Every structure is written in C-alpha cells, then in structure tokens.
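Descriptive structure summary
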Amino acid sequence: MLFRSYLQTRKPTEARAWYEAALQAKPDSPKAQLGQAWIKVMDRDVKSAGQITDQVLASSPDFLDALLLKAELLISQGDAPGAVQVFEQVIKLRPNQLSAHYGRVVLLTRQRQFDQATAALGDMQKVAAKHPRTYFAQALLALAQGKPADARESLGQILSVAPNHLPTLLIAGTTEYQLGAYTRAEDHLRKALAQAIDAR
C-alpha cells in the first residue's frame, strides 16, 4: 500500500495525506480504514491502532495486512503468544507469507520454545530455504540453543551476498565472540559501527 511505503521511507506528511484521500474516496474500504490504524501507529497511539485494526478484522477477517499489523501491535504490547497465533492464521491463509513465518520462528525462539521454533523453521525453509531471512531466523535459533558454529554457517550465507547488512554483522560479532574468534568478532562489530554511522 502506498501510504505504508511513505511511512517506511519516513514521509509521514505524504502518508497522512494519502490516507485522508483514500478514506474520503472509499470510506468503507478496509484498506483505507487500516490506513487510519497506521497513522495511529505513526502517532504512537497503539491502543487506538489496535481498536481500529480489530474493527477492520471484524468485517474482513482474512485481510492479511490487518492481520500482520495486529501481530506487530501484539508484539509491541508484550503478547508474544497472541502474535504467534496471528502469524499462524496468516500462514494458513497464505502459506508462502515469509514475514509471518519469520515472525513465528523469532517469537518462539525468544520464548525458548525450541521444539516449536524448529518445526516453524522447517515450515519456513519449505517456503524459502535460501532466503536471507530464513538464514537469519536459523542463526537466531541456533544461538539461542547454544550452537554458535551452526549460527556462523547461516550468517555466512547472508554475509556472502549482503556483507554490510547491519543486523547480521551484529549477530555475527556475537557469534564469533562466543566461538573465541575475537579478531573476527571485532571485524564484524567495526563494520556494524561503520554502517550505523553511515545510516544516521
């Protein structure tokens, strides 16, 4: 959706204007109504965003964008189990929805539900085994399970195609430190610091 791209590129004025125009043109459109929820997110009014999202889902229960936003809102409120359930609902509706797979694996890993996280990762690999997000989720799970060597292998797959990816560099630094490869850890963290400075 256009207003989401505006938000993601830090253009809140354009996002708000797009939403207002969309809502005036089609006030009953679930997409336009969900735009209101995104504006509330931008205004840091999570409670109102959740209420609007629930209203949209009441009339359009299979609206994937609304479900994904609901999951993110639940995460922000500390309700990881609830978010996992929503991600699973999305996956049932669209089995190849990678963001939902990724969110489910990460949340289950954070909850240290490793058997479920491993099963969820298997589902994700069936969809996109060589996607960077799959490798990243695999690395996070391996680290949480105390398997830094496995994490190194997964992170290496990402860095081979995206050597300056900041989140991967940070996790790679931690991984190498756990493996006792202190020089490699320092190299990754130096690159991460440089990327963070450049992004400011």
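Everything below is about the structure printed above this text.
Quick notes on the rules
- Going along each chain's sequence as written, the residues are numbered from 1 onward.
- Note on the predicted model: pLDDT of at least 70 is required for a residue's local features to be given, and 80 or more for side-chain atom pairs to be given and counted; whole-chain, interface and lining totals, by contrast, use all residues.
- Working from all heavy atoms in the structure, the side-chain values ignore hydrogens and water.
- Numbering of helices and strands runs from the N terminus, with a helix taken as a DSSP run of H or I at least four residues long and a strand as a DSSP run of E at least two residues long.
- Partly exposed describes any residue whose relative accessible area lies between the buried limit of under 20% and the exposed limit of over 50%, with all areas from a 1.4 Å probe on protein chains only and scaled to the type maximum.
- Any two residues whose heavy atoms approach within 4.5 Å are treated as being in contact.
- Methods summary: accessible areas were calculated by the Shrake-Rupley approach with a probe of 1.4 Å, and residue burial reflects only the protein chains presented.
- Aromatic pairs are defined between Phe, Tyr and Trp rings, using the six-membered ring for Trp, whenever the two ring centres lie within 6.5 Å; interplanar angles under 30 degrees are classed as stacked, those over 60 as edge-to-face, and all others as tilted.
- Look at NZ for Lys and CZ for Arg. If either is within 6 Å of the ring centre and within 35 degrees of the ring normal, a charge sits over the ring.
- One fewer than the residue count of a helix, multiplied by 1.5 Å, yields its expected span.
- This arc is built from the directions going out from the helix axis to the C-beta atoms.

**Focus: the overall build of the protein chain**
When its secondary structure is counted, the protein chain shows 12 helices and 0 strands. What you see in the protein chain, going N to C, is helices and strands ordered as α-α-α-α-α-α-α-α-α-α-α-α. Burial status across the protein chain gives 40% buried among its 200 residues. Long-range pairs, those at least 24 residues apart, make up 41% of the contacts in the protein chain with a sequence separation of at least 6. Per element, the accessible surface of the protein chain, about 11400 Å² overall, is 51% carbon and sulfur.

**Regarding the packing of aromatic side chains**
Each aromatic ring pair is described using two quantities: the centre-to-centre distance and the angle formed by the ring planes. One pass over the structure, following the stated rule, counts 1 aromatic pair. Lying over the aromatic face of Tyr 102, Arg 133 brings its terminal NZ or CZ to 4.5 Å of the ring centre.

**Focus on the environment of Ile 39**
Turning to its location among the elements, Ile 39 is positioned in helix H3 (residues 30-42). Here the alpha-carbon distance between Ile 39 and Ala 49, two residues 10 residues apart in the chain, equals 7.9 Å.

**Overview of helix H8 (residues 114-128)**
Over its 15 residues, H8 extends 20 Å from the first C-alpha to the last, a length consistent with the 21 Å expected when each residue adds 1.5 Å. Residues of H8 that are buried include every one of Phe 114, Ala 117, Ala 120, Leu 121, Met 124 and Ala 128, and no others. In an axial view of H8, the angular spread of the buried residues amounts to 120°, which keeps them on one side of the axis. In H8, those exposed residues whose orientation departs by more than 90 degrees from the buried face are Asp 115 and Lys 126. The elements touched by buried residues of H8 are helix H7 (98-110) and helix H9 (132-144).

**Some details on unusual backbone geometry**
Phi is positive for Arg 44, which is not a glycine, with a value near 65°. Here Arg 44 shows up in the loop between H3 and helix H4 (46-59). Judged by its relative accessible area of 77%, Arg 44 is exposed. The residue Arg 112 is not glycine, and still its phi comes out positive at about 60°. Mapped onto the secondary structure, Arg 112 falls in the loop between H7 and H8.

In short, shape yes, function no, at least from these values alone.
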